[in-house]
Amino acid sequence: MKTAVIPQVRVDSQLRADLDSVLLPGETLTEFVEASVRRAVEFRRVQTDFAARCDASLASYERTGRSVGSDAVLSKLEAKVAARVEQLRR
């Protein structure tokens, strides 16, 4: 696979010093930047997917006038959290 280059970014000396101070032993600046960019890209994808689901949910509500009550939603979320906590305790 052919690689591409991310453009250089100019930062002030304090940010560069802060960055150097948080690098893990043996970690390069390039590795840090690549990992940071990958996380940012994934975060933006999650945000975009969430917004699309919100838009679809709103459109469905506007079409049908039906929605799920907040009590039902919160109960379902609490059940998911409880199940995950139980799974992690094992």
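Note that this is a predicted model, so its numbers are computed, not measured.

## Things to note about the overall build of the chain
No. 1: Summing up its helical and strand segments, the chain has three helices and zero strands in all.
No. 2: The N-to-C order of helical and strand elements in the chain reads α-α-α.
No. 3: Rg of the C-alpha trace for the chain: 21 Å, well past the compact-globule value of 12 Å for 90 residues, more than 25% over.
No. 4: For the chain, the C-alpha atoms occupy an extent of roughly 55 × 40 × 35 Å along the three principal directions.
No. 5: Of the roughly 8,700 Å² of accessible surface on the chain, 58% is carried by carbon and sulfur atoms.

## Focus: the environment of Arg-90
No. 1: Position of Arg-90 relative to the elements: it lies in the segment after helix 3 (70-89).
No. 2: What makes Arg-90 exposed here is its relative accessible area of 77%.
No. 3: The sequence separation of Arg-90 and Ser-75 amounts to 15 residues, and the corresponding C-alpha distance is 23 Å.

## Focus on a nonpolar patch on the surface
No. 1: On the surface, Ile-6, Val-33, Val-37 and Val-41 cluster together into a nonpolar patch covering about 280 Å² of accessible area.
No. 2: Tracing the backbone shows Val-37 in helix 2 (residues 29-64).
No. 3: For Val-37, a relative accessible area of 33% puts it in the partly exposed group.

## Observations regarding the pattern of salt bridges
Note that side chains of opposite charge can pair when their charged atoms are close.
No. 1: A full pass over the atoms with the stated rule returns three salt bridges.
No. 2: For Arg-16, the salt bridge identified is with Asp-20, shortest N-O distance 3.1 Å. Taken as a pair, Arg-16 and Asp-20 lie in helix 1 (residues 13-22) at a separation of four residues, close to a single helical turn.
No. 3: The class for Arg-16 is partly exposed, based on a relative accessible area of 39%.
No. 4: Residue class for Asp-20 comes out partly exposed when judged on its relative accessible area of 37%.
No. 5: A salt bridge links Arg-90 to Glu-86, with the nearest nitrogen and oxygen atoms 4.0 Å apart.
No. 6: Classification of Glu-86 as partly exposed rests on a relative accessible area of 37%.

## So, helix 2
No. 1: Taking 1.5 Å as the rise per residue, helix 2 with 36 residues should run 52 Å; its terminal C-alpha atoms sit 52 Å apart, in good agreement.
No. 2: Phi for Gly-65, located one or two positions after helix 2, is positive at around 75 degrees.

Thresholds applied
- Residues numbered from 1 in each chain as written.
- Predicted model: local features only at pLDDT ≥ 70, side-chain atom pairs only at ≥ 80, totals over all residues.
- Heavy atoms only, no water.
- Helix = DSSP H or I, 4+ residues; strand = E, 2+ residues; numbered from the N terminus.
- Rg over C-alpha atoms; globule rule 2.2 N^0.38 Å.
- Areas by Shrake-Rupley, 256 points an atom, 1.4 Å probe, with all protein chains shown as cover.
- Buried < 20%, exposed > 50% of the residue type's maximum accessible area, 1.4 Å probe, protein only.
- Patch = residues over 30% accessible without salt bridge, like charges linked within 9 Å, V, L, I, M, F, W, Y side chains within 5 Å.
- Salt bridge = Lys/Arg side-chain N within 4 Å of Asp/Glu carboxyl O.
- Expected span 1.5 Å × (residues − 1).

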